[in-house]
Amino acid sequence: PATESKRLRIAMQKSGRLSVDSQALFASCGLKINLREQRLIAHVENMDIDILRVRDDDIPGLVMDGVCDLGIVGENVLEEESLQRQLDNHSFDYTVLKRLDFGGCRLSIAVPQEDEYQGAASLEGKTIATTYPRLLGRYLKQQGVNARVVTLKGSVEVAPRAGLADAICDLVSTGATLEANGLREVDVIYRSKAVLIQRKDLTDNKQLKLINKLMPRINGVMQANE
Ligand code: PRT
Ligand code: ZN
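Just so it is clear, the structure is predicted and the values come from calculations on it, not from any experiment.

So, how was this worked out
Residues numbered from 1 in each chain as written. Chains lettered and ligands numbered in written order. Predicted model: local features only at pLDDT ≥ 70, side-chain atom pairs only at ≥ 80, totals over all residues. Heavy atoms only, no water. Near = heavy atom within 4 Å. Polar contact = N/O pair within 3.5 Å; in protein donor to acceptor, adjacent residues only side chain to side chain. Areas by Shrake-Rupley, 256 points an atom, 1.4 Å probe, with all protein chains shown as cover. Helix = DSSP H or I, 4+ residues; strand = E, 2+ residues; numbered from the N terminus. Nonpolar A, V, L, I, M, F, W, Y, C, P; charged D, E, K, R; others polar. Pairing = 2+ DSSP bridges. Axes fitted to C-alpha atoms, helices over the stretch in contact; angles between N-to-C directions. Contact = heavy atoms within 4.5 Å. Buried < 20%, exposed > 50% of the residue type's maximum accessible area, 1.4 Å probe, protein only. Domains from an automatic or database assignment. Buried area = accessible area lost by both parts, 1.4 Å probe. Salt bridge = Lys/Arg side-chain N within 4 Å of Asp/Glu carboxyl O.

Quick word on the site of ligand 1
1) Next: In the region of ligand 1, 22 residues are neighbours, and Arg 55, Asn 76, Thr 174, Gly 175 and Thr 177 sit closest.
2) Next: The contact in question runs from an oxygen atom of ligand 1 to an N or O atom on the backbone of Arg 17, over 2.8 Å.
3) Next: Within the contact set of ligand 1, an oxygen atom lies 2.7 Å away from a side-chain nitrogen or oxygen of Asn 76.
4) Next: Coverage of ligand 1 by the protein chains reaches 79% of its 840 Å² of free accessible surface.
5) Next: Sorting the residues of the shell around ligand 1 by element identifies helix H3 (75-87), strand E9 (167-172) and helix H5 (176-180) as the ones contributing at least two each.
6) Next: The greatest single-element share of the shell around ligand 1, amounting to three residues, is contributed by E9.
7) Next: For the shell around ligand 1, the class distribution of residues is six nonpolar, 11 polar and five charged.

Encoded structure:
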């Protein structure tokens, strides 16, 4: 029934680069979660919160569709989904509650070590492989460059060697993956961190109160880590 207050639903990455830090953030905010079982939903024992553990790619949509109230996701995935939804005329509303201090990386253009590169114009007429076609497409448009974009969900870094692309646009943190594949980072097109987002139409008083209780804790934890 609509009058009954629902538990706050928070989406987090089930397993991957953001899961350990997301869990640690929840723990340091006092949430007691039993994550032993490999379940989709974990109930928080001491608060009216459920944690949904999903693929990171599903998190923006779950929040934008109002299926989850909060979510922790990389800005790269969030922005890519927003751009895609704008093109598809789907809802893409959300509020960023906090930019977090983990999950940092950059989305960069990389070319084979020996290839010449003199700015974005060097990409004219080339084929670029990426997992982020909308972010790359926006960049190419801004630069006035016509290039072919090939979408790969994985193994983007091997595309040039495999003859699938002339260049790639992929996430980089240390640069070791690019180096191991004979590639050179030439332009950063987007800088990303993990963010805590909230759905736009959240009106339940109890849920809003809970969020108002959590936010100072998150701010406190982040200040202590500075
Ligand atoms: O299974 P699921 O779909 O949930 O996970 P996933 O495999 O899609 O994502 P995951 O866990 O790899 O990354 C989750 C988020 O972490 C990304 O969306 C980014 O916001 C953030 N992040 C931070 C990174 C990196 N750093 C990163 N280095 N995501 C991916 N990488 C990859 C990159 O794609 C490349 O293959 O690591 C490699 C490069 O790393 P370096 O250190 O060699 O430069
Ligand atoms: Zn993913």
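Re the sheet that holds E9
1) Next: Pairing in this open sheet of five strands is mixed, and the strands run E8-E7-E9-E6-E10 from one edge to the other. Each end of this open sheet is capped by a strand with a single partner; those strands are strand E8 (148-151) and strand E10 (183-192). Adjacent strand axes in the sheet meet at a mean angle of 25°, parallel and antiparallel pairs treated alike.
2) Next: Relative to E8, strand E7 (residues 127-130) runs parallel, the two sharing four bridges. Paired with Ala 129 across the bridge in E8 is Val 150.
3) Next: Sitting on the sheet, helix H4 (residues 133-143) is in contact with strand E6 (105-112), E7, E8, E9 and E10, with an inclination near 100° to E10.

Regarding the sheet that holds strand E3 (residues 49-54)
1) Next: Ordered in space as E2-E3-E1-E4-E11-E5, the six strands form an open sheet in which the pairing is mixed. If you trace the sheet from one side to the other, it starts and ends with strand E2 (41-43) and strand E5 (95-99), each paired once. When the angles between neighbouring strand axes are averaged without regard to direction, this sheet yields 25°.
2) Next: Taken together, the four bridges between E5 and strand E11 (residues 194-198) define a ladder with antiparallel strand orientation. The residue bridging Val 96 from the neighbouring strand is Ile 197, located in E11.
3) Next: Contacting strand E1 (8-13), E3 and strand E4 (70-74), helix H1 (residues 19-28) runs over the sheet at an angle of about 145° to E1.

Focus: unusual backbone geometry
1) Next: Here the phi dihedral of Asn 89 falls at roughly 60°; this positive angle occurs in a residue that is not glycine.
2) Next: When you line up the elements, Asn 89 lands in the loop between H3 and E5.
3) Next: Residue Ser 155 is not a glycine yet carries a positive backbone phi of 55°.
4) Next: Following the sequence through the fold, Ser 155 ends up in the loop between E8 and E9.
5) Next: Residue classification places Ser 155 among the partly exposed positions, given a relative accessible area of 46%.

As for the domain arrangement of the protein
1) Next: Partitioning the protein into structural domains gives domain 1 (8-103 + 193-225) and domain 2 (105-192).
2) Next: Centre-to-centre separation of domain 1 and domain 2, based on C-alpha positions: 29 Å.
3) Next: Residue-level contacts link 12 residues of domain 1 with 10 residues of domain 2.
4) Next: Both faces combined, the contact of domain 1 with domain 2 buries some 1000 Å², and carbon together with sulfur accounts for 49% of it.
5) Next: Viewed at the interface, domain 2 and domain 1 are joined by one salt bridge.
6) Next: Residue Arg 138 pairs with Glu 79 through a salt bridge whose shortest N-O separation is 2.7 Å.
7) Next: Applying the counting criterion to the domain 1 and domain 2 interface returns nine residue pairs in polar contact (both at pLDDT 80 or more).
8) Next: Ranked by the residues each element gives to the side of domain 1 that touches domain 2, the list is headed by H3, at eight residues.
9) Next: Each residue belonging to the side of domain 1 that touches domain 2 can be placed in one class, and the counts come to three nonpolar, four polar and five charged.

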